Each structure stands twice: as C-alpha cells, then as structure tokens.
Amino acid sequence: MRKLLGISLIILLSACASQTTQPDVEDLNAGGVGSGVGGSDLMGSDSGRPSYFKQLQDPNSILSQRSVYYDYDSYTVKSEYRELVLSHARFLRDNAGASVILQGNTDDRGSREYNLALGQRRADSVRNMMTLAGARDEQIESVSLGEEKPRALGNGESVWSQNRRTDILYRGE
C-alpha cells in the first residue's frame, strides 16, 4: 500500500510538473506565432506564415538585427542598441499576433548561478524597454541561458564580448 501511494504521488507530481515546464526554444519557434488580433498579422499566401515575417528578414531593416550586447558584468542596454530595441517594440505594438522570446546570455566567467541571474537581468532589461515603448507584456517572454549558448568559443575579450548579449527571437519564424 505504501509503495502504491508513493508511485501515485510520483505520477501526480510528474503530471503537475509537465504542465508548468517551459518548452524548448526550438519547440516555440516550430509552433508558430500566437493568435492575436490586428490587421498586420495576415497570413502570407506562399508560406502560410504571417506576412510581417518578410519585414523581419529584410537585411536592410533594423529589425533583421536581433542581438543587444553588454559591457562586462552589466545589464544596462547601451545607447547604441536603444533604437534597435525600440524598433522591435514598435513592431510588436503594431503586429498584435507577433511575439518574442528574449534570451539573456553571459560569457563563461562567474558561477553558473550568477550567470543565470545576470542573463535574466539582461533579458528583462530589454523586455522592460520594449513594454515601455508600447509592446504588450504578453507578447514577450524573457529567459536566461546564462553561459550555456555561447556565440563564440575561447578566451579573451573578443570572444567574451560576443557572448554577453540578449537575443531577440520571434516565435514562428
């Protein structure tokens, strides 16, 4: 009886845990954009995706830039990235069906716990700037990857500076 109770508890906790865990970013990107209202999120005829994705992929558009870089041990968005973040915020404001996940990243210096916290502060700083500029809170998810997803490998400032960033990823793209 005790063993059966223990197994039942494990099954119950597993079911609860599976409902609260976050899907992988790859799963989110494969799932498409959330259902929103607005005239700008019409489906494109050739790809089955919203037509606004073309604007995001235009290499001449600031919206094709997707990373905000930081100074060492900082989560303050530098002035040189302000217009980039504000452009993405305006895009979200104008396209109700669009949503993003902001991934905060760090270099590999510092403890794992410290880097996860710093990565979260970096993602949240971009999120706060976007919501103040008109994007809706429910369009934005901010997560920390800490040092787990480096853009460059090795040591030295030229490598570390590439890893201190927040990446802006659009769902469904």
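Residues numbered from 1 in each chain as written. Predicted model: local features only at pLDDT ≥ 70, side-chain atom pairs only at ≥ 80, totals over all residues. Heavy atoms only, no water.

Draft legend 1. Highlighting the pattern of salt bridges. Evaluated as defined, the whole model comprises 12 salt bridges. Salt-bridge contacts for Arg109 lead to Asp107; the nearest nitrogen and oxygen are separated by 2.8 Å. The exposure class assigned to Arg109 is partly exposed, which follows from its relative accessible area of 26%. The salt bridge partner of Arg165 is Asp167, with a shortest N-O separation of 2.9 Å. Taken together, the salt bridges that share partners define one network made up of Asp107, Arg109, Glu157 and Arg164. (Salt bridge = Lys/Arg side-chain N within 4 Å of Asp/Glu carboxyl O. Buried < 20%, exposed > 50% of the residue type's maximum accessible area, 1.4 Å probe, protein only.)

Draft legend 2. Spotlight on the nonpolar core. With 25 residues, the main nonpolar core has Val68, Val77, Leu92, Leu102, Val126, Met130 and Tyr170 as its most contacted residues. Elements with a minimum of two residues in this core: α3 (53–57), α4 (82–94), β2 (100–105), α5 (112–132) and β4 (165–170). Broken down by element, this core gets its largest block of residues, six residues, from α4. (Core = buried A, V, L, I, M, F, W, Y, C linked by side-chain atoms within 4.5 Å. Helix = DSSP H or I, 4+ residues; strand = E, 2+ residues; numbered from the N terminus.)

Draft legend 3. Focus on the environment of Ser67. Note that Ser67 resides in strand β1 (residues 67–69). Discounting residues that sit within four places of it in the chain, Ser67 has contacts with Tyr81, Leu84, Arg151, Arg165, Thr166 and Asp167. A polar side-chain atom of Ser67 sits 3.1 Å from a polar atom in the side chain of Arg151. Polar side-chain contacts of Ser67 include one of 2.6 Å to the side chain of Asp167. (Contact = heavy atoms within 4.5 Å. Polar contact = N/O pair within 3.5 Å; in protein donor to acceptor, adjacent residues only side chain to side chain.)

Draft legend 4. Spatial organisation of the sheet that holds β2. Within the open sheet, the four strands sit side by side as β1-β4-β2-β3. Their pairing is mixed. Each edge of the sheet is formed by a strand with only one pairing partner; in this case those strands are β1 and β3 (140–146). Strand-to-strand twist in this sheet, taken as the mean axis angle between neighbours without regard to direction, amounts to 20 degrees. Bridging between β1 and β4 involves three bridges; their strand directions are antiparallel. Within β4, the residue paired with Ser67 across the bridge is Asp167. Sheet strands in contact with α4 are β1, β2, β3 and β4, and its direction is about 25 degrees off that of β4. Here α5 sits on the sheet and contacts β1, β2, β3 and β4; the angle it forms with β3, its principal contact strand, is near 155 degrees. (Pairing = 2+ DSSP bridges. Axes fitted to C-alpha atoms, helices over the stretch in contact; angles between N-to-C directions.)

Draft legend 5. Quick peek at the packing of aromatic side chains. Within this structure, the stated rule accounts for two aromatic pairs. On the basis of an interplanar angle of 55 degrees and a centroid distance of 6.1 Å, the ring pair of Tyr69 and Tyr81 is categorised as tilted. Within this pair, whereas Tyr69 is found in strand β1, its partner Tyr81 is found in the loop between β1 and α4, the two being separated by 12 residues in sequence. We classify Tyr81 as buried; its relative accessible area is 15%. Ring centres 5.6 Å apart and planes at 90 degrees place the aromatic pair Phe91 and Tyr170 in the edge-to-face group. Taken as a pair, Phe91 in helix α4 and Tyr170 in strand β4 lie far apart in primary sequence, 79 residues in all. For the pair Phe91 and Tyr170, a shared accessibility class is recorded, and that class is buried. Between Arg109 and the ring centre of Trp160, over which it is positioned, the NZ or CZ distance is 3.7 Å. (Phe/Tyr/Trp six-rings, centres within 6.5 Å; stacked < 30°, edge-to-face > 60°. Lys NZ or Arg CZ within 6 Å of the ring centre and 35° of its normal.)

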